[in-house]
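Descriptive structure summary
This is what each chain is made of:
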Amino acid sequence: MFPVLKRALALCNLVCGLASGFCILLVGLILFVEVVLRYAGHPTQWIPETSVYLFCGAMLCGAAYTLQQGSHVRVELLIMHLPLRVRIWLDVATALGGAAFCALVTVHAWEHLADVLLTGETTPTAMRVPLWITDLPLFVGFVLLTLQFLAIALTLAAQSRVFHASGAKSATDTSVTPGTSGANGAGGGMTGTSGGSAA
């Protein structure tokens, strides 16, 4: 069951990641139009506001995909010298802590989203955008982050049990990191070999 759920989560992350990239592209295009219009003496009100909404939505919706790919920056100056099994369980603890924090944000985001859906509030700007549109990416993004952190923790915990059962790795083995043993590609963005790591 877990592999099926993990694949479904990866698909959701991919869709949101693609949508995030499209939003960034769209922001670049409309800001270019705004620059041209301002130079011609005809600035708009909707482009600056829309670009802010699109950019924030892109960052929130793309966060889980970035985590899945292991592209968030992490500092490993100390933990890189620890035994492999210790590093894995530190990553598990970090992932569980991240999941707890994101779950807390998700609950509050849902409460606020439900409130603005009920009241029909809009932004205090000329566009009068319904607040549920601007708040929805926060809820969706943190739901996916919570699930992705949990997927990472479960994957790394299972990986640690495999290492323990096989006895193939010594406690001081530093030649292999969790990221090269299957956790990164399977929703394990907490490993130390990701492209966005900072050693």
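The structure reproduced in this document is the subject of the present report. What you see is a predicted model; the values in this text were computed from it and never measured.

**Digging into the overall build of the chain**
Tallying secondary structure elements over the chain gives 4 helices and 0 strands in all. The proportion of buried residues among the 199 residues of the chain is 38%. Residue pairs at least 24 apart in sequence account for 75% of intrachain contacts in the chain once pairs closer than 6 positions are excluded. Within the structure as shown, the chain displays about 11,200 Å² of accessible surface, and the carbon and sulfur contribution to it stands at 74%.

**Brief notes about the nonpolar core**
Counting 22 residues, the largest nonpolar core has V92, L145 and F149 as the members making the most contacts within it. The element best represented in this core is helix α4 (residues 131-166), accounting for 9 residues. Grouped together as the second largest cluster of nonpolar side chains are 6 residues, C23, V27, I30 and I47 included.

**Here's the deal with the pattern of salt bridges**
All chains considered together, the criterion is met by 1 salt bridge. Here E34 and R38 are joined by a salt bridge, their closest N and O atoms 2.8 Å apart. One end of the pair, E34, and the other, R38, are both in helix α1 (residues 2-39), 4 residues apart, so they sit about a helical turn from each other. For E34, a relative accessible area of 4% translates into the label buried.

Calculation rules
- Residues numbered from 1 in each chain as written.
- Predicted model: local features only at pLDDT ≥ 70, side-chain atom pairs only at ≥ 80, totals over all residues.
- Heavy atoms only, no water.
- Helix = DSSP H or I, 4+ residues; strand = E, 2+ residues; numbered from the N terminus.
- Buried < 20%, exposed > 50% of the residue type's maximum accessible area, 1.4 Å probe, protein only.
- Contact = heavy atoms within 4.5 Å.
- Areas by Shrake-Rupley, 256 points an atom, 1.4 Å probe, with all protein chains shown as cover.
- Core = buried A, V, L, I, M, F, W, Y, C linked by side-chain atoms within 4.5 Å.
- Salt bridge = Lys/Arg side-chain N within 4 Å of Asp/Glu carboxyl O.

Nothing here speaks to function; it is geometry throughout.
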